[in-house]
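# Coordinates in review
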Amino acid sequence: MKRKSNNVCLKAEGLTKVFGFGRRKTLAVDQVDLTLYEGEVISIVGESGSGKTTLAKMLLGLISVTEGEIYFKGQKRDISTHRKKKEYWKNIQAIFQDPFSSYNIFRKIDAVLLDCIHMKGGKRLPHDKKVAMMAEACSFVNLKFEELTNKYPFELSGGQMQRLMIARIFLLKPTILLADEPTSMIDACSRATILDMLMKLRDEIGMTVIFITHDIGLAYYVSDKVYIMEKGKFVESGTADQVILNPTQPYTQRLLSDVPKIYEEWDLSTV
Amino acid sequence: MANVMLEVKELTTKYVTRFKEDVYAVDHVSLTLEEGKSLGIAGESGCGKSTLALSLMGYYFPPLHYMSGEIIINGRNITKMKPDDVRKSILGTEIAYIPQSAMNALNPTRKIIHFIEDVILAHDLYINKKEIYERARTLFETLGLPPEVLEKYPVELSGGMKQRTVIAISVLLLPKVLIADEPSSALDVTSQKMVIKMLRHLMEVGLISSMIFITHELPLLYNVTDDIMVMYAGQIVEKASAKDAVFDPLHPYAKGLMGSIIVPEEGLRDVKLAAIPGTPPNLKNPPLGCRFAERCKYVRPECRGVAVGLQNLTGGRTYRCILSEGELREAYKHEKEK
């Protein structure tokens, strides 16, 4: 909570998403209000199908909004043209669940990182400078640029790919980072490394981070504020300690009881 | 002493890559599994957990090759048997395997009941379809699955339900040993709990006599299995009871693994997660000495150069390190004070 300020960074009002028509209508996200302050880390927790990812995609501008408004830094978000959309994406970036499908398999790692430098307006920089920037980004996430250059993303392991994603974020320095299940596809030991790096990055460039996860333990570990989502609605929200240690809603209590624990008895009779 | 269901002696298996290089993914692994016991295998990606599971079934197909060692299931040595005999008389009836992506194991164009018919008919030719249906129905009812599932196509089921259906099918022929390879890693917490409950139920009602559970989620292992075995770079580095492995690990790697546990319990936010630096060695040419030496905080010059053997402690506990139990505990105590 070191860098938390009172400036509102991103605000959503009455956000709704409906998929399909008529009888097949599905309400994926239902009238969600969200206020995000600069430098804050929040988590959105819910089980599969609760609408977490749909909400994230709307915030990113990847899918249209059925109803409601999104305000970015006090102004209404405008992504009506491609140029404006690109401008918006300089400010908000994402890390997705599956590192194996996040990369274009025909492009080398160098190209991935160069794109980021170009996007930040470094297109005319001398080549040496670009290489130095890429090397710095790679060393930030404990990768060696000399070993990566001229390789394709699929030659890396899942953990390395996810770290390369963080190197991208390091180059782009966005205001908001949206991490959609960043650790669910990688094993528990790499998970600690990835989380450490994300937190280090946050301290370095003062980003605001939105974690989307079904792992309530992870949410508790990283975030200042936790939102619990059920069937497209936020059912409970508050500071991490408040929500995790003293849950009031039955849904939150159930989610908590479903996670295996090591210090308490795990009650299997509830499902 | 209880009946030994599965005994593995110095099993070594390798992968041959398309450049004809050998990768020893399982390196001299020995283990015994008694009736009514469950064993958990933990370790990071690429440490050989899943390869060990595949190797235990004794059914090898390229690029996986058998090298040496013995596998004895319920008193029968299966390493000497022909692959076809293994398939007919061992798989399904003696040992069953739930793969990592069990959800993709079902044929999308056939109903569940047709899949079950195939499984049973492959082992027992003299059974009619009505009997099969009755048998499947009884089993599904015992396991708390709705029998309507039998008449459905896999696409009509949710992820958790598909996974539980696959588990039910795997125990149709009453195997002695069940190997579950990350059965819950693609599921959310609620479905995961249902799967775990079902596996425990299988043991309780005696449909299976013993189980091997593979995952990298330690809190899960702690709650499911009696013993935990930690693997690193194809070798066993520690084996202990679940409680000892989680709260009192001896091997530095096991210690590191336990430092990365995340559970939503009070006090978690005050601890800093300990990530293990570096990456595991390449198994094409593993280092001669301790395989963990490159990443170990307590490394000594004598760790490199000579192979490190397993040290046995009382109570069936083993670990692979040149330091003695006392020295390791001293080092951890010192670390904690710092």
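What you see is a predicted model; the values in this text were computed from it and never measured.

## Observations regarding the overall build of chain A
A tally of regular secondary structure across chain A gives ten helices and ten strands. Computed over its C-alpha atoms, the radius of gyration of chain A comes to 19 Å, within 12% of the 18 Å expected for a compact globule of 271 residues. When the backbone C-alpha atoms are referred to their principal axes, chain A occupies close to 60 × 45 × 40 Å. In chain A, the proportion of contacts linking residues at least 24 apart, taken out of those at least 6 apart, comes to 68%.

## A closer look at the sheet that holds strand S2 (residues 22-34) of chain B
Strand order in the open sheet formed by four strands is S2-S1-S4-S5 (chain B), and the pairing between neighbours is antiparallel. Of all strands in the sheet, those with a lone pairing partner are S2 and strand S5 (76-77) of chain B, marking the two edges.

## Quick notes on the interface of chain B and chain A
Interface size, as often reported, equals the accessible area lost upon joining of the parts. Across the boundary between the two partners, chain B contributes 32 residues, which contact 33 residues of chain A. With seven residues, the top contributor of residues to the side of chain B that touches chain A is helix H6 (residues 189-205) of chain B. Of the residues contributing to the side of chain B that touches chain A, the split by class is 18 nonpolar, five polar and nine charged.

## As for the packing of helix H4 (residues 127-140) of chain A against helix H6 (residues 158-172) of chain A
All names here are of chain A. The interhelical angle for the contact between H4 and H6, taken along N-to-C directions, is 130 degrees, at an axis separation of 8 Å. Comparing their axes, H6 and H4 come out oblique. Crossing hand, H4 versus H6: right-handed. Only Ala-167, Phe-170 and Leu-171 of H6 make contact with H4, whose side of the interface consists of Met-133, Ala-137, Cys-138 and Phe-140. In terms of residue class, the contact of H4 with H6 is built from seven nonpolar, no polar and no charged.

## Let's talk about helix H7 (residues 188-205) of chain A
Residue and element names in this part refer to chain A. Taking 1.5 Å of rise per residue, 18 residues should cover 26 Å, and H7 covers 26 Å from first to last C-alpha, within 8% of that figure. For H7, every residue scored as buried is listed here: Ala-188, Cys-189, Ser-190, Arg-191, Ala-192, Thr-193, Ile-194, Leu-195, Met-197, Leu-198, Leu-201 and Arg-202. Note on H7: the residue one or two positions beyond its end, Gly-206, has a positive phi of about 60 degrees.

## Quick word on the nonpolar core
Residues and elements named next belong to chain B. Ranked by internal contacts, the top residues of the largest apolar core, which has 163 residues, are Ile-179, Ile-212 and Val-230. The residue makeup of this core includes at least three contributed by each of domain 1 (4-230) and domain 2 (250-337). In this structure, Ile-179 is in contact with Ala-53, Leu-56, Ile-95, Tyr-97, Ile-98 and Ile-212, ignoring residues within four places of it in sequence.

## Considerations on the domain arrangement of chain B
Residue and element names in this part refer to chain B. Considered domain by domain, chain B is made up of domain 1 (4-230) and domain 2 (250-337). On a C-alpha basis, the centroid separation for the pair domain 1 and domain 2 is 30 Å. Contacts between the two partners involve eleven residues from domain 1 and, on the opposite side, ten residues from domain 2. Element by element, the count of residues in the side of domain 1 that touches domain 2 is highest for S2, at three residues. Per-class residue counts for the side of domain 1 that touches domain 2 are eight nonpolar, one polar and two charged.

## Thoughts on the sheet that holds strand S2 (residues 26-37) of chain A
Residues and elements named next belong to chain A. Read from one edge of the open sheet, four strands run S2-S1-S4-S5, paired in antiparallel fashion. Strands with a single pairing partner mark the edges of an open sheet, and in this sheet they are S2 and strand S5 (75-76). Where strand S4 (residues 67-72) and S5 come together, two bridges link them in antiparallel fashion. By the bridge assignment, Phe-72 is partnered in S5 with Gln-75.

## Notes on the packing of helix H3 (residues 109-119) of chain A against H4 of chain A
Residue and element names in this part refer to chain A. Their axes nearest at 10 Å, the elements H3 and H4 cross at an angle of 110 degrees. Taken together, the axes of H3 and H4 are roughly perpendicular relative to one another. The chirality of how H3 crosses H4 is right-handed. Contacts between H3 and H4 involve Leu-113, Leu-114 and Ile-117 from the first element and Lys-130, Met-133, Met-134 and Ala-137 from the second. For the contact of H3 with H4, the class distribution of residues is six nonpolar, no polar and one charged.

## Quick notes on unusual backbone geometry
Residues and elements named next belong to chain B. Look at the link from Pro-62 to Pro-63: it is a cis peptide, with omega at 5 degrees. Tracing the chain through its elements places Pro-63 in the loop between helix H1 (49-56) and strand S4 (64-73). We note that Leu-174 has phi near 50 degrees; this positive angle belongs to a residue other than glycine. Tracing the sequence through the fold places Leu-174 in the loop between helix H5 (159-170) and strand S7 (177-181).

## Structural notes on the confidence of the model for chain B
Parts of the prediction with low pLDDT should not have their coordinates interpreted in detail. Per-residue confidence for chain B averages 87 on the pLDDT scale, and 99% of its residues sit at or above 70. Here the predicted complex scores 0.84 on pTM and 0.76 on ipTM.

## Some points on the pairing of strand S10 (residues 235-241) of chain B
All names here are of chain B. In terms of burial, S10 is a largely internal element, six of the seven residues being buried. Bridge count between strand S9 (residues 227-232) and S10: six bridges; the pairing is antiparallel. Residue pairing across strands places Met-229 opposite Lys-239, the latter belonging to S10. Where S9 folds back on S10, the antiparallel hairpin that results is connected by two residues, among which Ala-233 adopts a positive phi of roughly 50 degrees. Sheet topology note: the S10/strand S12 (residues 318-319) ladder contains two bridges and is antiparallel.

Parameters and conventions
Residues numbered from 1 in each chain as written. Chains lettered and ligands numbered in written order. Predicted model: local features only at pLDDT ≥ 70, side-chain atom pairs only at ≥ 80, totals over all residues. Helix = DSSP H or I, 4+ residues; strand = E, 2+ residues; numbered from the N terminus. Rg over C-alpha atoms; globule rule 2.2 N^0.38 Å. Contact = placed C-beta atoms within 7 Å. Pairing = 2+ DSSP bridges. Nonpolar A, V, L, I, M, F, W, Y, C, P; charged D, E, K, R; others polar. Axes fitted to C-alpha atoms, helices over the stretch in contact; angles between N-to-C directions. Parallel < 35°, antiparallel > 145°, perpendicular 65-115°, else oblique. Left-handed = near helix turned anticlockwise from the far one by under 90°. Expected span 1.5 Å × (residues − 1). Buried ≥ 20, exposed ≤ 12 C-beta atoms within 10 Å, placed from the backbone. Core = buried A, V, L, I, M, F, W, Y, C linked by C-beta atoms within 7 Å. Domains from an automatic or database assignment. pLDDT = per-residue confidence, 0-100.

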